[in-house]
Structures are given as structure tokens and as C-alpha cells.
Amino acid sequence: MSPIAHATRPRVVVSAAAQEAGSAAGRAAADALAGILSSAERARVVFASAPSQEQMLRTLGEDPRLDWTRVDSFHMDDYLGLDPAHPAAFGTWLADRLPAEARPGLDRIRADADPAEEAARYGAALAAAPIDLVCLGIGVNGHIAFNEPGDTDFGTSDPVRLVALTEASRRQQVDEGLFPEIEAVPTTALTLTVPALISARTLVCTVLGEAKAAAVAATLAGPVRSEVPATAMLEHPDVVIHLDEAAASTLPEELRATLVATRG
């Protein structure tokens, strides 16, 4: 593994394969969470729900240092109009992959509630105390959570909002095997906003696969812009982005030139 230095931040770590990248990200998240729990009674964490997060969550969940009964968990988005029991519903997907001890502390977005009322409820729950850790990914079109290119307000004060999903984001769900066809993917969702995500003390981002390579390159090349929502991470003071080689395959040469160790 080898770190890539951005001009100031974030830290970027490239691993040879997806499993290695996910494991490295899980260890980074576990270190952050263990540090929080060593100095505070409780920790508050927001998780992405996506296949890119599976190995990260597995590694994080197996860390013996973590007392999950002291962790309040949230997820960063969910579809509207989808049965909450559907395996692709993000709350269900995440609950199935968190340790059993963590599930009572997971506050799920109620996808079958009135969207405005649920956005207000979930937003209030998020705003009740600072978020310590966000574990996220980057979408094929550069989205984070479901903040889509050209439909993202970096300055909003709302922690949760209703969004219309782009075809690219919906197609990604099919390509990742979560839905059989694009017609089955919902067209709207509730999502945490970029300011809500970036407000966390620490961000651990995991991005895997060649399909994400262009979005990764656009993110790390900057500048910060709403057309690539993931660029908001570039100004965060404590963020690490874990990539496999496929996701890193189109990084600009000037970023590649900053690799400082042999990849593992």
C-alpha cells in the first residue's frame, strides 16, 4: 500500500486489490472509532450502504476494541417508495452487515414516512450532537450519498433533503447487482447533505473498481465544485481515501508521481 499526497489533504491510500483496500479502510475506521470511545462515553457514526463498503464494514465489525453498545449509527441515504424490508433498502442492507450489538443503535431512515416529516426527524437526530465519523464512498458520477452533480448545495443548512436520482446513479445500482433492471430502481431518495457529511470529525472513504476511476480522478484533481460533489472532501481536515488499483487507474500523473512507497 502507498499513500498519495494531495496538495494539503486528503490522504489517499492505494492497495493492490479490492479486499485489501476494504480491509485497510476498515482498520482506519476502527482506529478512529476506538480513539473516540477512549475519550467519550458514546460515538456517533454515519455509514454508506454500498457493495464497496462490505469489506470495510466486516473489518470494522470484527475489531475487538469496539463496544458497539456505545455507538449511535446512522445511514446516509435511502430510497423512497421501496419496501423497507427489501434487501436493497439501504437501512436493511446496513443492518444486515453491522455487528448484532450495533443494530439497536442504528437509526434508520423511514422510507415509508412523509418525506418532509422524515427529513425533519432524521435531520434533528443528526443535529442533536456532533458526528464523529463518516464512512463513505464515491459514486460513478462523483456523488457522495445521493448528492448529485449539478444538484448539490455546499452551503445548505439542511442536514437531510429529498433528491431526484440521476440515471447514472440508478444505473450504478443495477451494475452493482442490487436491482435486476433500472426500472426497478426508485427515482427519489432522502439523503444527508454535503455539509452534514463533511461536518464529521473524521471521514474514511472507500472506493473500489474501474467504474469509479474517472470519478476518483475528477475528485482528486479538484477544484472543489458542485459538479463533482465528492470534491467537498478535499477541504476536510481529517480524511483518508482508500482505493484499489482499479479505482486509482486513471489518476493524473502529477498525483501518481507523489507515491512514496511500494504498493502492497
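Just so you know, these numbers come straight off a predicted model, no measurement behind them.

Pulling in residues and values, what's your account of the environment of Gly-26?
Looking at where Gly-26 falls in the secondary structure, it is placed in helix α1 (residues 18-39). Distance from Gly-26 to Arg-44, taken between C-alpha atoms, is 16 Å for residues 18 residues apart in sequence. Beyond its immediate sequence surroundings of up to four residues, Gly-26 is in contact with Met-56, Thr-59 and Leu-60.

Just give me the short version of the sheet that holds strand β9 (residues 188-192), but keep the residues and values in it.
In a beta sheet, neighbouring strands are held together by backbone hydrogen bonds and run either parallel or antiparallel to one another. Pairing within the open sheet is antiparallel, and its three strands lie in the order β5-β9-β8. Unpaired on one side and paired on the other, β5 (77-79) and β8 (160-164) mark the two borders of the sheet. Neighbour-to-neighbour, the strand axes of the sheet open up by a mean angle of 20°, direction not taken into account. As defined by bridge partners, β8 adjoins β9 across five bridges and the pair is classed as antiparallel.

Requested: an account of the packing of aromatic side chains, with residues and values cited.
The geometry of an aromatic ring pair is captured by two quantities: the separation of the ring centres and the angle between the planes. As enumerated under the stated definition, the model contains five aromatic pairs in all. Ring geometry for Tyr-79 against Phe-179: centres 5.6 Å apart, planes inclined by 85°, an arrangement best described as edge-to-face. Pair noted here: Tyr-79 is in strand β5 and Phe-179 is in the loop between α5 (167-175) and β9, with a separation of 100 residues, a long-range link. Judged by relative accessible area, Tyr-79 falls into the buried class, the value being 0%. One aromatic cluster is present, formed by Tyr-79, Phe-90, Phe-146 and Phe-179 through successive ring pairs.

Summarise the side chain of Asp-77; cite the residues concerned and give the values.
Looking at the secondary structure, you find Asp-77 in strand β5. This buried residue, Asp-77, is left without a salt bridge; Arg-161 holds the nearest opposite charge, at 11 Å.

Parameters and conventions
Sequence order sets the numbering: in each chain, residues are counted from 1 along the sequence as written. Totals for whole chains, interfaces and linings use every residue, but because this is a predicted model, local features are given only for residues with pLDDT of at least 70 and side-chain atom pairs only at 80 or more, for both listing and counting. The side-chain figures draw on all heavy atoms in the structure; neither hydrogens nor water molecules are used. Only DSSP runs of H or I reaching four residues or more are called helices, and only runs of E reaching two or more are called strands; each is numbered from the N terminus. Should any heavy atoms of two residues lie within 4.5 Å, those residues are counted as being in contact. When DSSP finds two or more bridges between two strands, those strands count as paired. Axis lines are fitted through C-alpha atoms, for helices just across the contact stretch, and the angle between N-to-C directions can take any value from 0 to 180 degrees. Pairing of aromatic rings covers Phe, Tyr and Trp, the last counted by its six-membered ring, and requires centre-to-centre distances within 6.5 Å; plane angles under 30 degrees mean stacked, over 60 mean edge-to-face, and any other angle means tilted. Here's how the labels work: a residue is buried when its accessible area is under 20% of the maximum for its type, exposed when over 50%, partly exposed in between, all with a 1.4 Å probe on protein chains only. Counted as positive: Lys and Arg. Counted as negative: Asp and Glu, with His and the chain ends omitted from the count. For this document, the term salt bridge refers to a Lys or Arg side-chain nitrogen within 4 Å of an Asp or Glu carboxyl oxygen.

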